[in-house]
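# Structure at a glance
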Amino acid sequence: MFRTEEMEINMGPQHPSTHGVLRLVLQLDGEEIKGVRPVIGYLHRGVEKLCEHRTYPMIEPLTDRLDYVAAVSENLGWCGAVEALLGVTPPPRAQYVRVVLAELQRIASHLLWLGTHALDLGAMTMFFYAFREREMILDLFESFCGARLTYNSMRIGGLYEDMPRGWIDRVRHFLKIFPGRMREYEDLLTVNRIFVGRTRGVGVLSAADAVAWGVTGPPLRASGVNYDVRKAIPYAAYADLEFDVPVGEHGDTYDRYLVRMEEMRQSLRILHQALDRMPDGEVRAKVSKFIKPPAGEVYHVVESPRGEQGFYVVAQSGEMPYRVRFRSPSFVNLQALPLMCRGRLVADVTAIIGSIDIVLGDCDR
Amino acid sequence: MDSQTLMRDVVVPAIQIAVFLGVVLGFVAYMQLIERKLLAFMQLRLSPRRVGWHGILQPIADTVKLIIKEDTIPAGADRFLFTLAPILTVAPAILGLAVIPVAGAPITVLGWEIKPYIADLNIAVVFLLAIGSLGIYGIILGGWASNSKYSLLGALRSSAQMVSYEVPLGFALIGVMMLAGSASLVKIVEAQKAAGWWFVFPQVLGFFCYFVSALAETNRIPFDLPEAEAELVAGFHTEYSGMKFALFFMAEYTNMFLVSCLATVAFLGGWLRPFPNLEAFAWLENGWLLVVPVVGAGFAGWLLDQRFGSGLRCMFIGGVLGGLVGFALGVADVGGLASMAIPQLSGAFWFSMKVMLIFFLYIWFRGTYPRYRYDQLMNLGWKWLLPLSIANVIVTAVVMLLRGGTA
């Protein structure tokens, strides 16, 4: 007799819109999603284990490769964790430069998200526009530390070097251009009926669910929970700087989009302040050449563009940590995906994956 | 059959069809290059420019590559249907071209009168709609025969979409047929000449419905769900490669060309110049004399700008100079070219201008819009376009009735 059957479809690990090597096993009833099972681990490199055989400064390049589109945040978190172990405070100029780097990185990361998210929804042009500005930021990073993706930009106790001459002016030039470019994005997407139709009410995550799943970053804030590590547990120079934490209402894909767009504007605000108030002085605290923290453990968190990035370090005697554990926001946020996808259509899966903005390097570690 | 009849009924039409097909398919191939160029311009990137001068040979290179590429048939596929599907898709698209009139007057070559169309059916609009629906068979068979889930889902989406949007497409054309009192494309254009305006003006709503449905019918952004590569990899042609894929691709672009032609004929006055009945604009009959120098000189200037980085200055100067030359040639009739007034050339010129305009709209949409979702697409088709197009028919009918049977 006639009957219907559920269809199981593999999305990934090689798929145009999974942003890396994420594999999703979709249970489909026609176009409707009955269940989603994320399968991860295709990019597992055992970074946590590697860390047990590296000295503390040698681990920083490894952190670059976790969330490779926001390497500065990882560097910042790692250096912060070891500094907390050592009881060292970097000089104020280093703290401000770190903030400048981290916020530039946040904009670059959000631009990558914006471009790929729009591309997943079919708006191809947006991708090129977003990458045009990301390119400017990558050029800034290149002149700061010589690398465009894996920066290894900081050192325990501060920075390796001060900013190059004229770098601040280049950053200011970018700050001047960027708001106009953001208006272009908004013209293309924010008021676009098709875009709004594709995102509003899609992948709703309630505040209670978001908290229960440990979701952090823009997805949490879009659900209406005002939690930003930069405000809650200020690190670097964030305590001195004024900015707002954008919060959404509905927890849907459109709110997550709006929250990230507003975050980019707030990052601009932070950058302006940080550049204006840039203190003079050294950029590196006195740290011995061989870093041997006292035995103990520390959990240090930073707000990466994707959410709360945690670094748990257990130090025993010696130059190498006994155990390192990364709390990666991509991994945690990904777990809310099945909840958000249930009952939606296939096309919504790409919209939702895009809106939680995962990086598989961060997720698989 | 004597040789005279044989020539008139078989050989000359065969040559005409071959030439027509060659020109159209060549144009279809170059549509792709034009699309890539324009899209690249909108997206701040360079388009193909390695093969030939500014990539002018790219379509040929693409074709050669697709022809010599290995033609794989996946294991488990239905070999017969898998091969048949692309043929079934491309054949109706090419068949539809037969009824498109590209100019007004017939042309005489070596004593043989050649009409500016291959066939003037009195049911041409219905023929085009019928032929258009046949293309779905190829798509759904291709998706089914591939024995792949992605292809199947893509094919299902595609068939659902094309079936839904054919209805408003047909209704949108009914208004035009009522105004023209005929379903023959030649008669429709002649009716627009008699009415003194293009049917896009009395049929604004109809044109809107037609254009949106045509976008959906040809699977273009924002309705390109069947091949939404972000969701379904490549939709119904995921498993296709080589020349079979090329046939699908050709069918898509031929269909685009076909619906652009139909839009031109039904709404934009086909081969007629703008303001077909105003004597004051009679010089537009020689529009090609005006437009060709402007565009040519402007484009040459733009190329100089690209080379020397002089902004858009050379383009501006080129455009102005071209405009002067064009004015001298076309309006002031220097050199006597304008008074030659070749109606076939004028007709073909305006026809292709209008087709290019519609085609440009296609590309512009592609550069701007994201993609609809499956259910939204169905909503739009059944809940908005269908009632709108029916309302358009009713309003047209009522207005015609009130005005005593004419528009």
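Residues numbered from 1 in each chain as written. Chains lettered and ligands numbered in written order. Predicted model: local features only at pLDDT ≥ 70, side-chain atom pairs only at ≥ 80, totals over all residues.

### Some thoughts on the overall build of chain B
Helices and strands together make up the secondary structure of chain B, namely 14 helices and two strands. Taken against the 2.2 N^0.38 rule, which gives 22 Å for 407 residues, the C-alpha radius of gyration of chain B at 23 Å falls within 12% of a compact globule. Summarising its shape, the C-alpha atoms of chain B cover approximately 70 × 65 × 55 Å along the three principal directions. Sorting the 407 residues of chain B into buried and exposed places 43% on the buried side. Taking all contacts inside chain B whose residues are at least 6 apart in sequence as the whole, residues at least 24 apart take part in 76%. (Helix = DSSP H or I, 4+ residues; strand = E, 2+ residues; numbered from the N terminus. Rg over C-alpha atoms; globule rule 2.2 N^0.38 Å. Buried ≥ 20, exposed ≤ 12 C-beta atoms within 10 Å, placed from the backbone. Contact = placed C-beta atoms within 7 Å.)

### Describing the overall build of chain A
What chain A contains, in helices and strands, is 15 helices and eight strands. Its C-alpha atoms give chain A a radius of gyration of 21 Å, near enough to 21 Å, the size a compact globule of 365 residues would have. Taking the principal axes of its C-alpha atoms as reference, chain A extends roughly 80 × 45 × 35 Å. Expressed as a percentage of its 365 residues, the buried residues of chain A come to 52%.

### Some words on the sheet that holds strand E1 (residues 7-11) of chain A
Residues and elements named next belong to chain A. Ordered in space as E1-E2-E3, the three strands form an open sheet in which the pairing is antiparallel. One side of each edge strand has no neighbouring strand; the edge strands of this open sheet are E1 and strand E3 (32-39). Across the sheet, the mean angle separating the axes of adjacent strands is 20 degrees when strand polarity is ignored. Where strand E2 (residues 23-29) and E3 come together, seven bridges link them in antiparallel fashion. Across the sheet, Val25 pairs through a bridge with Arg37, a residue of E3. (Pairing = 2+ DSSP bridges. Axes fitted to C-alpha atoms, helices over the stretch in contact; angles between N-to-C directions.)

### Regarding the interface of chain B and chain A
One frequently used descriptor of interface size is the decrease in accessible area upon assembly of the parts. Between chain B and chain A, the contact holds 23 residues from the first and 25 residues from the second. Mapped by element, the contributors of at least two residues to the side of chain B that touches chain A are helix H8 (229-232), helix H13 (343-368) and helix H14 (374-402) of chain B.

### Re the sheet that holds strand E6 (residues 296-304) of chain A
Residue and element names in this part refer to chain A. Read across the sheet, three strands follow the order E6-E7-E8 without closing on themselves; strand pairing throughout is antiparallel. Of all the strands in the sheet, just E6 and strand E8 (321-327) have a single pairing partner and so form its edges. When strand polarity is set aside, the average angle formed by the axes of neighbouring strands in this sheet is 15 degrees. Running at roughly 150 degrees to E6, helix H3 (residues 71-86) makes contact with E6 and strand E7 (307-315) of the sheet.

### Looking at the domain arrangement of chain B
Structurally, chain B comprises domain 1 (3-272 + 343-402) and domain 2 (282-340). Of the residues that constitute the side of domain 1 of chain B that touches domain 2 of chain B, the class distribution is three nonpolar, one polar and no charged. (Domains from an automatic or database assignment. Nonpolar A, V, L, I, M, F, W, Y, C, P; charged D, E, K, R; others polar.)

### Some details on the packing of helix H7 (residues 204-217) of chain B against H14(B)
Residues and elements named next belong to chain B. In contact at an axis separation of 9 Å, H7 and H14 are set at 145 degrees when each is read in the N-to-C sense. By crossing handedness, the relation of H7 to H14 is classed as left-handed. Judged by residue contacts, Leu205, Gly206, Cys209, Val212, Ser213 and Ala216 of H7 engage Gly381, Leu385, Leu388, Ser389 and Asn392 from H14. (Left-handed = near helix turned anticlockwise from the far one by under 90°.)

### A short note on helix H3 (residues 79-96) of chain B
Residues and elements named next belong to chain B. Taking 1.5 Å as the rise per residue, H3 with 18 residues should run 26 Å; its terminal C-alpha atoms sit 27 Å apart, in good agreement. Restricting attention to buried positions, one finds in H3 the residues Phe82, Ala85, Pro86, Leu88, Thr89, Val90, Pro92, Ala93 and Gly96. Those residues of H3 that are buried are in contact with helix H4 (124-145) and helix H9 (242-266). (Expected span 1.5 Å × (residues − 1).)

### A word on the confidence of the model for chain B
Residue and element names in this part refer to chain B. In this model, chain B carries a mean pLDDT of 82, and residues with pLDDT of at least 70 account for 93%. The spread of mean pLDDT over the elements of chain B runs between H8, the lowest at 60, and H7, the highest at 88. Under the prediction, the complex receives an ipTM of 0.77, its pTM being 0.84. (pLDDT = per-residue confidence, 0-100.)

### Thoughts on H3(A)
Residues and elements named next belong to chain A. In a regular helix each residue adds 1.5 Å, so 16 residues correspond to 22 Å; H3 covers 23 Å between its end C-alpha atoms and thus fits that length. In terms of burial, H3 is a largely internal element, 15 of the 16 residues being buried. Two residues or fewer after H3 comes Gly87, characterised by a positive phi angle close to 75 degrees.

### Observations regarding the nonpolar core
Core analysis: the biggest nonpolar cluster contains 191 residues, and Tyr210(B), Ala263(B) and Phe267(B) have the highest contact counts within it. Looking at which element gives the most residues to this core, the answer is helix H4 (residues 92-120) of chain A, with 16 residues. Three or more residues apiece are contributed to this core by two domains, here domain 1 (3-272 + 343-402) and domain 2 (282-340) of chain B. Here Tyr210(B) is in contact with Leu169(B), Ala172(B), Leu173(B), Ala263(B) and Phe267(B), once residues within four sequence places are set aside. (Core = buried A, V, L, I, M, F, W, Y, C linked by C-beta atoms within 7 Å.)

### Comments concerning the packing of H3(A) against H4(A)
All names here are of chain A. For the pair H3 and H4, the least separation of the axes is 8 Å and the interaxial angle reads 145 degrees. Where H3 approaches H4, its residues Val72, Ser73 and Leu76 are matched on the opposing element by Arg98, Leu101, Ala102 and Gln105. Considered class by class, the residues forming the contact of H3 with H4 number four nonpolar, two polar and one charged.

### Concerning unusual backbone geometry
For Asp357(A), which is not a glycine, the phi torsion comes out positive at approximately 50 degrees. Within the secondary structure, Asp357(A) is located in the loop between helix H14 (346-356) and helix H15 (360-364). Overall, the presence of 26 C-beta atoms within 10 Å leaves Asp357(A) in the buried class. Phi is positive for Asn147(B), which is not a glycine, with a value near 60 degrees. Relative to the helices and strands, Asn147(B) is located in the loop between H4 and helix H5 (149-180). With 15 C-beta atoms packed within 10 Å, Asn147(B) lands in the partly exposed category.

### Some points on the environment of Met353(B)
Residue and element names in this part refer to chain B. Mapping Met353 onto the fold places it in helix H13. According to the C-beta neighbour criterion, Met353 is partly exposed, with 16 such atoms within 10 Å. With 65 residues separating them along the chain, Met353 and Trp288 place their C-alpha atoms 9.5 Å apart.

### As for the environment of Asp120(B)
Residues and elements named next belong to chain B. Checked against the element boundaries, Asp120 lands in the loop between strand E2 (112-114) and H4. Remark: the alpha-carbon pair of Asp120 and Glu239, spanning 119 residues in sequence, is separated by 39 Å. Setting aside anything within four residues of it in sequence, one finds Asp120 in contact with Pro101, Ser184 and Val186.

### So, the environment of Phe171(B)
Residue and element names in this part refer to chain B. Residue placement: Phe171 occurs in helix H5. A count of 22 C-beta atoms within 10 Å places Phe171 in the buried class. Taking the C-alpha atoms as reference points, Phe171 and Leu289, 118 residues apart in sequence, are found 38 Å from one another. If we ignore the near neighbours within four places in the chain, the residues touching Phe171 are Ser389, Ile390 and Val393.

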